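Listed below, chain by chain, are the residues.
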Amino acid sequence: MEAIEYVRSVPRYLAVKALYRRLPGIVTSHAAVIRLRDVPEPKLPNDQWVRVHTRLCGICGSDLATVAAKGSPYFSPLLSFPFVLGHEVVGTLAMGTDGLPSGTRVVVEPALHCAVRGISLVCPSCERGDTGTCENITRGSIAPGIQTGYCRDTGGGWSRSFVAHPAQLYAVPDDLTDEEAALIEPFACSLHAVIRTALPTEATILVLGCGTIGLLTIAAIRALGFGNRVLASAKYPHQQEWARTLGATDIVPTGSGLYRAIPDATGALTFQPELGKPVLVGGVDVTFDCVGSSSSIDDAIRLTRSGGSVTLVGMPGIASGVDWTNIWHKELTVRGAYAYGVEKLDERSVKTFDLAMELMRRGAAPLGSLVTTRHRLADYRNAIRGALASGPNGSVKTVFEFPRD
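A. View of helix H8 (residues 258-266). Within the span of H8, buried status applies to Leu258, Tyr259, Ala261, Ile262 and Pro263. Immediately downstream of H8, the backbone of Gly267 shows phi near 80°, a positive value.

Here it is in structure tokens:
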């Protein structure tokens, strides 16, 4: 079957990393770290696992960072190569399992945690229900890998077929479309970030970046019932329109314009040091950084008031030029929010994926229209280049679609 495979090659990785900004087409060239090729369908690791046929699979920001060599090498020793990308996936079961008959439409929670790996003595993270941060991701019955789509044994959604453990599977209700189902995984990431962040009733919230994950974070804030003022930093007109539709109260600029807009919105005082960006006294109470760049991280800590909090939702790389004086002087709380697991909400415990589907079914998060662009796998070059330029292109979420058998 055809699949988009990531190949471990230090020379290719360094070439893409060095040349991407000047030659963006290198990410899908013959020098790229990915390739479209015929590969065998992945084998079932044991008789518990099942095969899933892909219907739709999204292109995630973390996939793009991997393909464009923009991320940190942090994960490289925790993965197994070569692997087939794709973890925002809705598919159809090719065989029945655990009460789910063959043909059931499913989404896959991609984390390859203790239960998936057949490890009975679970790690502290899995014991808490934080399966996204499992500490046994290099052990057990399958090869190392943080998620489906980053493990050589499981395959991924950028192919017609992959394998999954029953602990990863969620049946998709009939009243959710394939497009909505393909957004359950990234929406769960945003729900997890919002739930893990304290949001006092009067807090003013800033969402930096209105790509898919920024828009889903705004949607998560509203779907969870928070009525706070939400400032959305959105660069492109379609992002501004979506941010308003999903619940932002104010649209603010990106980049240097933030240092005029945030003081205007919050009454913060602005001072100009001898060098660098302005210093703010005051600012927003809570910032969600949904970009993860050096500049956005620095903006997030500069624009948040004393005692406030900053949550990193977007996948960061190795940040440079971040002035930590802001964190120290303003006693900020800075946290990461990665993946999902089991959330404690309204005196109940609920899996983030179940919560995402519950909110979508209730109409609290109308998200299906965020899937704006579809491509067949053979057209992967245009798909990936388009997703890397989604802002200028006017798109939000790009997916690969697969013909149904």
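Now that the structure has been shown, we can carry on.
B. Up close: the sheet that holds strand S2 (residues 34-38). On the basis of which strands lie adjacent, the open sheet formed by three strands has the order S2-S1-S4 and antiparallel pairing. Strand pairing shows two members of the sheet lacking a second neighbour, S2 and strand S4 (83-84), which therefore form its edges. Examined bridge by bridge, strand S1 (residues 2-6) and S2 share five bridges and lie antiparallel to one another. In the sheet register, Ile4 faces S2, and the bridge partner there is Leu36.

C. Fine view of the side chain of Glu343. Mapping Glu343 onto the fold places it in strand S17 (residues 342-345). According to the relative accessible area criterion, Glu343 is buried, its value standing at 0%. Every residue in contact with Glu343, bar those within four places of it in the chain, is listed here: His192, Ile195, Arg196, Arg348, Ser349, Val350 and Thr352.

D. Summary view of the pattern of salt bridges. Enumeration according to the criterion identifies 22 salt bridges in this entry. Notably, a salt bridge pairs Arg55 with Asp178, separated by 3.0 Å at the nearest N-O pair. Linking Arg55 in strand S3 (residues 50-58) with Asp178 in helix H4 (residues 178-182), this pair joins segments that are 123 residues apart in sequence. Side by side, Arg55 and Asp178 carry an identical accessibility label, which is buried. Across the pair Arg376 and Glu401 runs a salt bridge, and its minimum N-O distance is 3.7 Å. Here Glu401 lies in strand S20 (residues 397-401) and Arg376 lies in the loop between strand S19 (371-375) and helix H12 (380-388), a separation of 25 residues in the sequence. Sharing partners across several salt bridges, the network here consists of Lys277, Asp298, Asp299, Arg302 and Asp323.

E. Here's a closer look at the environment of Arg117. Inspection of the secondary structure assignment puts Arg117 in the loop between strand S6 (105-108) and helix H3 (124-128). Put simply, Arg117 and Ala167 are 50 residues apart on the chain and 9.9 Å apart in space, counted from C-alpha to C-alpha. If near-sequence neighbours (up to four positions away) are discounted, Arg117 is found in contact with Leu112, Asn136, Ile137, Thr138, Arg139, Gly140, Ser141, Ile142, Ala143, Pro144 and Gly145. Engagement of the side chain of Arg117 in a polar contact is seen with the backbone oxygen of Arg139, the distance being 2.7 Å.

Parameters at a glance
Residues numbered from 1 in each chain as written. Predicted model: local features only at pLDDT ≥ 70, side-chain atom pairs only at ≥ 80, totals over all residues. Heavy atoms only, no water. Buried < 20%, exposed > 50% of the residue type's maximum accessible area, 1.4 Å probe, protein only. Helix = DSSP H or I, 4+ residues; strand = E, 2+ residues; numbered from the N terminus. Pairing = 2+ DSSP bridges. Contact = heavy atoms within 4.5 Å. Salt bridge = Lys/Arg side-chain N within 4 Å of Asp/Glu carboxyl O. Polar contact = N/O pair within 3.5 Å; in protein donor to acceptor, adjacent residues only side chain to side chain.

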